[in-house]
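A structural walkthrough
This is what each chain is made of:
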Amino acid sequence: VQLQASGGGLVQPGGSLRLSCKASGFTFDDYAIGWVRQAPGKEREGVSCITDGDTYYADSVRGRFTISRDNAKNTVYLQMNSLKPDDAAVYYCAADQVFHNVVVMTPEYWGQGTQVTVSS
């Protein structure tokens, strides 16, 4: 099983980034896929999650981030707009057959992280 996260980088406050999580090794359509972030000195936070029929956003990102999935490409995207310094973190993608498990950050599978830095 692999969850390959990419798309992180350095962006100024107010800018945008799009993260990608490409999955392999399991039946993608059967899984909820989400993003969890971890910043130094802060608690880990479940940012967003998607299945074919449902999405979740943390209050801290709702209205600024949009999650989507392309089942044909086994890939989930996180479009991040209006980025703030508080959004800086390592973003990890996660997968589980149970949507709630991703939201509460106890997924079956974890991917490696991609660093997002928001700074002027």
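Right above here is the structure, for reference.
Moving on: the overall build of the chain. Check the secondary structure of the chain and you find 1 helix and 10 strands. Traced from its N-terminal end to its C-terminal end, the chain shows the element sequence β-β-β-β-β-β-β-β-β-α-β. Whereas a compact globule of 120 residues would reach a radius of gyration of roughly 14 Å, the chain reaches 13 Å, a difference of no more than 12%. Counting only C-alpha atoms and orienting by the principal axes, one finds that the chain spans roughly 40 × 25 × 25 Å. Nonlocal contacts in the chain, meaning residues at least 24 apart in sequence, comprise 57% of its contacts between residues at least 6 apart.

Our next topic: the sheet that holds strand β3 (residues 17-24). Pairing is antiparallel across the open sheet formed by 4 strands, whose spatial order is β1-β3-β8-β7. For this open sheet the edge positions go to β1 (2-6) and β7 (65-70), each flanked by a neighbour on one side alone. Ignoring which end each strand starts from, the neighbouring axes of this sheet average 15° apart. Relative to strand β8 (residues 75-80), β3 runs antiparallel, the two being bridged by 6 bridges. By the bridge assignment for β8, Ser20 is matched with Tyr77.

Now for the side chain of Ser48. The residue Ser48 is located in strand β5 (residues 45-50) in this model. At 2.9 Å, the side chain of Ser48 and the backbone oxygen of Tyr56 are in polar contact. Contact partners of Ser48, with chain neighbours within four places excluded, come to Gly34, Trp35, Tyr56, Tyr57, Ile67 and Leu78.

Attention shifts here to the pairing of strand β10 (residues 109-118). Relative to β10, strand β2 (residues 9-11) runs parallel, the two sharing 3 bridges. Bridge pairing links Gly9 to Val116 in β10. Pairing geometry for strand β9 (residues 89-96) and β10, over 6 bridges, is antiparallel. Pairing of Ala95 across the sheet is with Tyr109, part of β10.

About the criteria used
Residues numbered from 1 in each chain as written. Predicted model: local features only at pLDDT ≥ 70, side-chain atom pairs only at ≥ 80, totals over all residues. Heavy atoms only, no water. Helix = DSSP H or I, 4+ residues; strand = E, 2+ residues; numbered from the N terminus. Rg over C-alpha atoms; globule rule 2.2 N^0.38 Å. Contact = heavy atoms within 4.5 Å. Pairing = 2+ DSSP bridges. Axes fitted to C-alpha atoms, helices over the stretch in contact; angles between N-to-C directions. Polar contact = N/O pair within 3.5 Å; in protein donor to acceptor, adjacent residues only side chain to side chain.

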